[in-house]
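The lines below spell out each chain.
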Amino acid sequence: MIDILLSEQLLAAAIITGTLYALVALGLNLVYGTMRLLNIAHGELVMLGAYVASSGYNYFGISPLVGVIGAGVLTGLMGAAVYIFLFRNLLVKPELSRRLEANSLLIFFGAIVILQNIVALAFTGTPRGYRYLDGVIHFGGVALTENRLAGFLIAAAICLATAIFLRASIVGVAIKALIQDRRAAGLVGINVDRIQLLSLTLGFSIGGVAGALVSMTQEITPFMGFPYTMAAFVVIILGGLGNLVGGIAAGLVLGFIQIYGVALTSPQWNSILLYGAFVAVLVLRPQGIMRGGRGVR
Amino acid sequence: MFRRLLLGLVTAIALTGWVSAQAADPVRIGFSISETGLFAPGAAKQIKSYDLWRELVNAKGGLDVAGTKRPVEFVKYDDQSAPANAVKIYEKLITDDKVDLLFPPFGTVMHLAIVPLLERYKFPMVANTASSVHIREIKPGNIWFTSPSIHDKWAEELVKLAKQAGVSRLALLSNAIPPANEVRRFIIPELEKAKIEIVVNEVWPPSINDMTAVLSQVKKAAPDGVIVLSLPNDSVLYTRQANELGIDAKFQFVAIGPAGAAYRKMFGPKLDGIVMLGHWTPERKEWPQAKEFYDAYVAKYNEPPDYLDSALSYISCQVTEQAVAKAGLDLDKLRETISTGTFETINGPIRFKGVENAVLPVSFLQHQGGKIELIWPSSLATAQYKPRSK
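Residues numbered from 1 in each chain as written. Chains lettered and ligands numbered in written order. Predicted model: local features only at pLDDT ≥ 70, side-chain atom pairs only at ≥ 80, totals over all residues.

## Looking at the overall build of chain B
Counted only if it meets this: The secondary structure listing takes helices from DSSP runs of H or I that are at least 4 residues long and strands from runs of E that are at least 2 residues long, numbered from the N terminus. Computation of the radius of gyration draws on C-alpha atoms alone. For the globule rule, the value is 2.2 Å times the number of residues to the power 0.38. The exposure scheme places C-beta atoms from the backbone and then counts, for each residue, the other C-beta atoms within 10 Å of its own, assigning buried at 20 or more, exposed at 12 or fewer, and partly exposed in between. Once C-beta atoms are placed from the backbone, any two residues with those atoms within 7 Å are in contact.
Each helix and strand in chain B was counted, giving 13 helices and 17 strands. The C-alpha radius of gyration of chain B comes to 23 Å, within 12% of the 21 Å expected for a compact globule of 390 residues. Out of the 390 residues in chain B, the part that is buried amounts to 52%. Put simply, 68% of the contacts in chain B that link residues at least 6 apart link residues at least 24 apart.

If you want it as C-alpha cells, here you go:
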C-alpha cells in the first residue's frame, strides 16, 4: 500500500484532477466574484464546450485542440450576450440589483433547462465520444494518455495565466477591486460596466474551454453538467467565494483529498471525504481556506 | 320520404365518421425515461429503440390490435434517474393518463421500483434492460424479463467462462449500485468454488471520476483476469485508465457499456479482447430479424445500436406488439398471452417461464477485430473467445 501512496502515478492523478477542478471553478468564481451571480448553469457551459469540440472533430475533422478555442469563443460570446441583454439592465437598477444574487439562481436554473434541451434536441441524449491523442506516454513512473496530458497542460496554463493576469495587469487589478467592493471600485474610476462584461465573458469562456478538454477523455451527454457545477461550488466555497487564486488552490487541495483519500481508505469514501472536507471548511473556516477574508490575492 | 332519406344519410355519415375515428384512435403507450441523471447515457439508447419501433409500426399502418390497425402514440416523462419519480410517473400513467400499454423505464433499479405498482394495478409490462433474482423469487405476475441474464445465472456462467479462459487470479471491481451488488452476492461464492483467487476486491460509488488508486492496486497484484461490474460511465473510466496504467490481464470483462457506439468510437482497436454482457448480435444468421433491425437502426441514427440495451429494448417492443396483435388491449388477456405465447424477435423466438426468458441462455460478447462477436455459450457462438493481447 505504501508504495502506491508514494507513487508518482498517484501524485500525477491528484494534480491533474485538482487542476481540472480549479479550471472549472475559476470560471464560476469570476462570475460570482465580480457580480455575485450564482451561475448554477456553469456545468451546462462545460457541456456546451464539450459538444463544440466533439462536433467539430466528429463532423468536420477539426482538432479538439482547435475546438478548445472554438468552445471558449462560443461560450464567451454567450456570456457577453447574457451580460449585455440581461444583467446590465438589472445591475443598474438598485432595487433589482439588491435581489440579483437570489434572482440569478432562478435565471440560471432556467438556463439549465433551455441549454440541456436545445443540445438534446440537436444531438439526442445518446452519449458521444471520439478518439484523439489516445496514445500512452511514460515519463518516470507515470503513464498518461496524451489527451489527458494535453488537457492538464492547457488547464494549468489557463489557471497560471489568470493568476498572473490578476496580479500583473491593470485590468486584473480592476477585477480584484471590483470583487472586493463594487461601489468603491466605481468611485475610484474603474469602468465597472466594462469589467463586469469582461468577467462574465471570461467566466463563461473558461467553462467552455474546460468542457472541450473534458470531451477528449470522457463520453459526453447533454446532461453531464451537474457534477461539474457541484464540484465548482465546492471548490469556490473551499477557496473563499470570489477569491480567484484561493479557488485555484482549493481545486488542487480537493484533487489531493480525493485521490489520496481514496487510496488511504476505499473508493466508497470518495463522496464522504469530499463533502466532509467541504462541511469542515464551512464550519471551521467559512471565509475559505486561504488566509484573510473574502477578496482576492 | 325525403325527410327519412335525409335522416338516414346523416346517420350513415355520422356512423362512418364515428367508426373511422375509432379506427384512427391511437394506442397510447406510457413510460418514464431517465433523460437526466445517472442512467441517462443508457436510457438514451433505450428511447431510440422505442422510437424506431414506433416509426416502423406506424409506417406499416399502425399497431395491430387484435385485427385493427391503430397508430402508436407515446406518453413519456423524465424520471431523472430517481426510482421514486418512476413510481409516481407510472401511477400517473395508469390512473390519470390512462394509457393502453406500458413500456419499461431504464435499468434494474427502476424496474424494481415499479414492480409493486404493476402488481397493484395488475398491469402487464414486458421488461427489457433489467433482471433480478429478487423479483424472480417473489413470483410477480405482470412483469417478464426479456434478458436471459438473471444475476445468479450470469454470475455462474461468467465464472465458467473465466475458468475456461484460464483465469486463476482475479480482480473483482464493482459499482455500488444494487444490481451489481446482487451479482457480487453470487459471483464471489462461484469464484471460490472454481478456486479462482480474488486478489483485489473493490467497490466504488456511481459518482467516481478517477480510478488511479484502485487500478494501481490491480496493476500491482497483476491478476490474469479482471471483472468490472460497471455502468456505461465507469466502463469508460475503467477502460481509459486501465489502458493508461497498462493493465494487461488476458481476460477483462466490462459489464455494461462496451457494446455502445460512443464507447467503440472512443477506444477503437484498444477494445480488442474486452468481454461484455450481451446475447444479441446481427452476425447470427439464424436470427433473420437481427440484421434487419441493425440496418434500420443504422439508417435512422447513423450509428450502430448498443448490442445490449438497444437490442433488449427493441425485443420488449416486439413481444408487446405480437401479444397485442393476438390479445388486443384487454389486460387480462394480454397477461395470459405474454405468459404462454412464443414471440419472434430480433433475438430469435422467445417465450417465458415465470418471469424468465425460457429460450435464450446467458451469453457474453467480445470485441474482436472491430466487430462484436457472441462467444458464449458455444451453442450460439459466432466466434471463439480470444485472450486479450498484451
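## Describing the sheet that holds strand β11 (residues 251–254) of chain B
Residues and elements named next belong to chain B. What counts is decided by this rule: One requirement defines pairing of two strands: DSSP has to find at least two bridges between them. Each axis is a line fitted through C-alpha atoms, taken for helices only over the stretch in contact, and angles between the N-to-C directions span 0 to 180 degrees.
Spatial ordering of the open sheet is given by β9-β8-β10-β11-β12-β16-β17, a layout of seven strands whose pairing is mixed. Each edge of the open sheet carries a strand with a single partner, namely β9 (197–204) and β17 (371–376). On average, each strand axis in the sheet is tilted by 20° relative to the strand beside it, whichever way the strands run. Taken together, the two bridges between β11 and strand β12 (residues 274–277) define a ladder with parallel strand orientation. Note that in β12 the partner of F253 across the bridge is V275. Running over the sheet, helix α7 (residues 178–193) touches β8 (169–175), β9 and β10 (225–229) and is turned about 165° from β8.

## Some thoughts on the environment of L178(A)
All names here are of chain A. With respect to the helices, strands and loops of the structure, L178 is situated in helix α8 (residues 170–180). Using a count of 25 C-beta atoms within 10 Å as the deciding quantity, one classes L178 as buried. Contacts of L178, omitting those with residues within four sequence positions, involve T34, A185, I190, V192 and I195.

## Some words on the confidence of the model for chain B
Residue and element names in this part refer to chain B. Selection criterion: What pLDDT conveys is the predictor's confidence in a given residue, as a value from 0 to 100.
Per-chain confidence: chain B averages 93 in pLDDT, with 94% of residues scoring 70 or above. The low-confidence segment residues 15–22, where pLDDT is below 50, has zero contacts with residues more than four positions distant or belonging to other chains. What the predictor reports for the complex is a pTM of 0.90 with an ipTM of 0.90.

## Brief notes about the interface of chain B and chain A
Counting residues at the interface gives 35 residues for chain B and 33 residues for chain A. Put simply, the parts of the chain that give the side of chain B that touches chain A at least two residues each are α2 (40–59), β9, α8 (212–221), α9 (232–245) and α10 (261–267) of chain B.

## Brief notes about the nonpolar core
The condition is simple: For this analysis, nonpolar core means a set of buried Ala, Val, Leu, Ile, Met, Phe, Trp, Tyr and Cys residues linked through C-beta atoms within 7 Å. How far each domain reaches was decided by an automatic or database domain assignment.
L23(A), V24(A), V235(A) and M276(B) are the most contacted members of the largest nonpolar core, which totals 217 residues. Examining the composition of this core, we find that 17 residues originate from one element, helix α2 (residues 8–35) of chain A, more than from any other. Residue-level mapping places this core at the junction of two domains, with at least three residues from each of domain 1 (22–149 + 286–357) and domain 2 (151–277 + 363–376) of chain B. Non-local contacts of V235(A), meaning those with residues more than four positions away in its chain, are made with Y21(A), A22(A), A25(A), G247(A), A250(A), G251(A) and L254(A).

## Considering the pairing of β10(B)
Residue and element names in this part refer to chain B. Using the following cut-off: A right-handed crossover is one whose linking path, passing over the helix from the first strand to the second, runs clockwise when the strands point away from the viewer.
Among the five residues in β10, five count as buried, and that is most of the element. Here β10 shows two buried faces, one formed by G225, I227 and L229 and the other by V226 and V228. In this structure, β8 lies alongside β10, joined through five bridges in parallel fashion. Looking at the pairing, A171 lines up with V226 of β10. With four bridges connecting them, β10 and β11 associate as parallel partners. Counterpart to V228 in the pairing with β11 is V254. Where the polypeptide runs from β10 across α9 and back to β11, its parallel neighbour, the crossover connection is right-handed.

## Description of the sheet that holds strand β1 (residues 27–33) of chain B
Pairing is parallel across the open sheet formed by three strands, whose spatial order is β4-β1-β5 (chain B). The open sheet has two edge strands with one neighbour each: β4 (72–78) and β5 (101–102) of chain B.

## Some words on the confidence of the model for chain A
Residues and elements named next belong to chain A. When pLDDT is averaged along chain A, the result is 91; 98% of the residues meet or exceed 70. Mean pLDDT values over the elements of chain A span from 80, in helix α1 (residues 2–5), up to 97, in helix α3 (residues 42–60). When the criterion is pLDDT under 50, residues 293–297 qualifies, and its contacts beyond four places in sequence or with other chains add up to 20 contacts.

## Considerations on unusual backbone geometry
With the exception of glycine, most residues fall at negative phi, and the peptide bonds are largely trans. Residues and elements named next belong to chain B. The residue after W376, namely P377, is reached through a cis peptide bond having omega 0°. Unusually for a residue other than glycine, K122 sits at a positive phi of about 50°. As for its placement among the helices and strands, K122 is situated in the loop between α4 (107–121) and β6 (125–127). Of note in the backbone geometry, A222 takes a positive phi value of approximately 45° without being a glycine. Positionally, A222 belongs in the loop between α8 and β10.

## Details of helix α11 (residues 288–301) of chain B
Residues and elements named next belong to chain B. So the rule is basically this: Helix span, as expected, comes to 1.5 Å for every residue beyond the first. By construction, the arc corresponds to the directions joining the helix axis to the C-beta atoms.
Look at α11: 21 Å from first C-alpha to last across 14 residues, which is about the 20 Å you get at 1.5 Å a residue. Residues of α11 that are buried include every one of A290, F293, Y294 and Y297, and no others. Viewed end-on, α11 has its buried residues packed into an arc of 100°, placing them on one side of the element. Turned more than 90 degrees off the buried face of α11, the exposed positions are P288, D295 and A299. Residues of α11 that are buried sit in contact with α2 and α12 (309–327). Looking one or two residues past α11, N302 carries a phi angle of roughly 60°, positive in sign.

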